[in-house]
Amino acid sequence: MRLYALGDTAWMVELPGLDDVVRRHAALTASRERGEADGVQDLVPAERTVLVRFDPRRISPAAVREWVVGTPPEDYAVRAEAEIELPVRYDGEDLDDVGRLTGLGRKGVVRAHSGTPWTVAFVGFAPGFGYLVGGDERLRVPRLPSPRIRVPAGAVALAGHYSAVYPRVSPGGWRLIGHTDADVWDLDADPPALLRPGVRVRFTPVDDR
Amino acid sequence: MSPRRLRVERTGPGVLVEDLGRIGWAQLGVTRSGAADLRSLRRANRLVGNAEGAAGLEILIGGLEVVATAHLVVAVTGATCPVRIDGRPVPREAVLDLPAGCRLSLGTAATGLRAYLAVRGGVDVPPVLGSRSFDTLAGLGPSPVAPGDVLPVGPATGPLAGERPRVDVVPVAGWTGPEDVVVLRAVPGPRVDWLTAGALDHLWGPGSGWRVSADADRVGLRLTGPVLARDEAHRQAELPSEGLVRGAVQVPPGGYPVLFLADHPVTGGYPVVAAVLDADVDLAAQLRPGQRMRFARAVVPRTIRRETSPVRPEEA
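Residues numbered from 1 in each chain as written. Chains lettered and ligands numbered in written order. Predicted model: local features only at pLDDT ≥ 70, side-chain atom pairs only at ≥ 80, totals over all residues. Heavy atoms only, no water.

### Section: the overall build of chain B
When you go through chain B residue by residue, the secondary structure sums to three helices and 21 strands. Against the globule reference of 20 Å for 316 residues, chain B gives a C-alpha radius of gyration of 21 Å, in line with a compact fold. In terms of its C-alpha atoms, chain B occupies a principal-axis envelope of roughly 70 × 40 × 35 Å. For chain B, the residues scored as buried account for 57% of the 316 residues in total. The long-range fraction of contacts in chain B, counting pairs at least 24 apart against all pairs at least 6 apart in sequence, stands at 76%. When the accessible surface of chain B is totalled, it reaches about 12,600 Å², and 54% of it is carbon and sulfur. With 35 positive and 32 negative side-chain charges, chain B shows a separation of 4 Å between the mean positions of the two kinds. (Helix = DSSP H or I, 4+ residues; strand = E, 2+ residues; numbered from the N terminus. Rg over C-alpha atoms; globule rule 2.2 N^0.38 Å. Buried < 20%, exposed > 50% of the residue type's maximum accessible area, 1.4 Å probe, protein only. Contact = heavy atoms within 4.5 Å. Areas by Shrake-Rupley, 256 points an atom, 1.4 Å probe, with all protein chains shown as cover. Lys, Arg positive; Asp, Glu negative; His and termini not counted. Charge placed at Lys NZ, Arg CZ, Asp CG, Glu CD.)

### Re the pattern of salt bridges
When the charged atoms of two side chains with opposite charge come close together, those side chains can pair. Throughout the structure, instances matching the rule amount to 33 salt bridges over all chains. Between Arg246 of chain B and Asp282 of chain B there is a salt bridge; the shortest N-O distance is 3.0 Å. One end of the pair, Arg246 of chain B, is in the loop between strand S15 (242-243) and strand S16 (248-250); the other, Asp282 of chain B, is in helix H3 (residues 278-284), and 36 residues separate them in sequence. When its relative accessible area of 8% is taken as the criterion, Arg246 of chain B is described as buried. The exposure class assigned to Asp282 of chain B is buried, which follows from its relative accessible area of 5%. Each of Asp55 and Arg57 of chain A together with Arg42, Arg46 and Glu52 of chain B takes part in one network of salt bridges that share partners. (Salt bridge = Lys/Arg side-chain N within 4 Å of Asp/Glu carboxyl O.)

### Looking at the domain arrangement of chain B
All names here are of chain B. The assigned domain composition of chain B is domain 1 (5-152) and domain 2 (181-297). Taken over C-alpha atoms, the centre of domain 1 sits 28 Å from the centre of domain 2. Opposite the 30 residues of domain 1 that make contact, domain 2 presents 18 residues. A combined buried area of about 1,700 Å² lies between domain 1 and domain 2, and 45% of that area is made up of carbon and sulfur atoms. Summed over the shared surface of domain 1 and domain 2, the number is three salt bridges. A salt bridge links Glu58 to Arg218; the shortest N-O distance between them is 2.9 Å. Inspection of the domain 1/domain 2 interface yields 19 residue pairs in polar contact (both at pLDDT 80 or more). When contributions to the side of domain 1 that touches domain 2 are tallied by element, the ones reaching two or more residues are strand S2 (15-18), helix H1 (38-47) and strand S10 (114-119). No other element matches the three residues that H1 contributes to the side of domain 1 that touches domain 2. (Domains from an automatic or database assignment. Buried area = accessible area lost by both parts, 1.4 Å probe. Polar contact = N/O pair within 3.5 Å; in protein donor to acceptor, adjacent residues only side chain to side chain.)

Written out as structure tokens, the structure is:
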């Protein structure tokens, strides 16, 4: 584990891999829920890092550092959150391309994507945009060479070893394989994000007629 | 007594409701947002006897006109907009009485970019995820203020409830002129070792630094000037996305740095080579396109022990 200062309001905690990020983030979250490290305001897990943002008027950078270093990571399984099913119409604009790139063909991609459950590793890019991991290894595809200006809300996409659902209309460079009508970002829901770190997701194909 | 409200008659280039931001939602992809110049909003709130986190108006350049529906106590801080009540000049950075039916108007700022209007009781629009800030990147929070809006004002609470604020005016440091080089103190960032030696000289050297480009908003400032080149080992390197803060200085492939402000994305995929100290991000939020700035290398203040110096990453 390495700590880098990000100005005077955050530490960037660099870890060997995504598993370490998930376990470390779960441990820090649980500690804060117990009321520890008052003054720490936000934890931002990403692929290899956890950003710990704090209010330097309420807690010193040194105290935050000691808290991070002194909080042992949790078991991956401990924070297994809800399991949800997302119905998907596999009709994405890039489905043929993904079939070619992976050698699986359209039907193979659908089977692979819906055949293995995914887990939300972290959320970034936009409110409620969960990065899902743990799916079928054969689905790794590069991002589009140039991003789309407009990806519709609910688009189900692939990039690298991740899958995601676009929560709202936005630009985006991931490859679109389908769409879901499920509301993955709903301000009236508590919590507003359906895809939170730790949530397990099973995609289920619905007829595309 | 009529309800305490501000009726908006004119907005100029842009007026937003902002408070200190949306805290604790970053792990769901929601950025902090909040006033771009937090210090000026806090000061305006203190002047009128509010808690520092009360929502106020962030006014780009000037041009706001509001009418009070009942007697209100207000203050204007930040960018140097001339302030008038019913046409009569009144001071900035001061406690102002705005009688019922009277019009508060802001002219065009001579220096600085964002003025803040606080009203005793706070702008009482419904909060979204615990904050009344508008996040321009995610489109989250109260809609931008438009002519015809009637903004509710909350009840005066806190230690001064029922009393007059105890100061009339606050002294503030003078503003830099349009040709001055604004110096922003910054700490070397996690990926500063991606840069060439020449780029590091540009980053920390005493040269003339950068100019703020026209590509500048609440998300961040794109800077033009010396290109920050990546070294041989990192020229083609891909960085997995990592968390950002306001003040983070990111270097996209083109080499022109981006200094992030309040509505920065939660994560970014380009190397962060420096991060501006929180107090100086407030100064950055007042820079206008075309203005000159440079970075001065700083260490995280004394609360960090010597062995945790941020200059070198640390094994733990």
